[in-house]
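Remarks on the overall topology
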Amino acid sequence: QVQLVESGGGLVQAGGALRLSCVASGSIFSINTMRWYRQAPGKMREFVATIDSGSTNYADSVKGRFTISRDNAKNMVYLQMNSLKPEDTAVYYCQADITSTTRSTTTYWGQGTQVTVSS
C-alpha cells in the first residue's frame, strides 16, 4: 500500500550535476527518516545520505558535493548531486521509514534510478 518511486537519474559528464527525486505514495500517516543509498556494479549497497526532521548526515565520499532535502507536504525527498565523479556511477535507491494509516512503521525501498558519470 506504500510505494517509493525515484526519478532523475541519467548520464552526465564528470563535473556535472543531477537532481534525484523520490516520492512516497499510498496509505501514509507519516514519514520519518528518509535516506538515499547506492549500489555500483559488483559492489554492496552503500549509504549515501539521510534526513530526518531536524538533521542531515552524509557518507564521507559525498560530503560537500551532495545535498539531501525533503518536502514533507509532497512526501518527497531529493538528492542534489554536484561535482559528479565516475565513481558516483551506481543505481541510487530511496529508502524511508513510513508509518501507515494502520499505525505500523515499515522501512520501504524504491526501485532505483541509474546514475552514470562518464569521464
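Use the structure listed above.
What counts and how
- Residues numbered from 1 in each chain as written.
- Predicted model: local features only at pLDDT ≥ 70, side-chain atom pairs only at ≥ 80, totals over all residues.
- Heavy atoms only, no water.
- Pairing = 2+ DSSP bridges.
- Helix = DSSP H or I, 4+ residues; strand = E, 2+ residues; numbered from the N terminus.
- Axes fitted to C-alpha atoms, helices over the stretch in contact; angles between N-to-C directions.
- Buried < 20%, exposed > 50% of the residue type's maximum accessible area, 1.4 Å probe, protein only.

**Some details on the sheet that holds strand β7 (residues 66-71)**
Spatial ordering of the open sheet is given by β1-β3-β8-β7, a layout of four strands whose pairing is antiparallel. For this open sheet the edge positions go to β1 (2-7) and β7, each flanked by a neighbour on one side alone. Averaged over all pairs of adjacent strands, the angle between their axes in this sheet comes to 15°, without regard to strand direction. As judged from the six bridges shared by β1 and strand β3 (residues 18-26), these two strands associate in the antiparallel manner. In the strand pairing of β3, V5 is matched with V23.

**Some details on the environment of V23**
Within the secondary structure layout, V23 lies in strand β3. According to the relative accessible area criterion, V23 is partly exposed, its value standing at 30%. When the C-alpha positions of V23 and Y78 are compared, they lie 8.9 Å apart, and in sequence the two are 55 residues distant.

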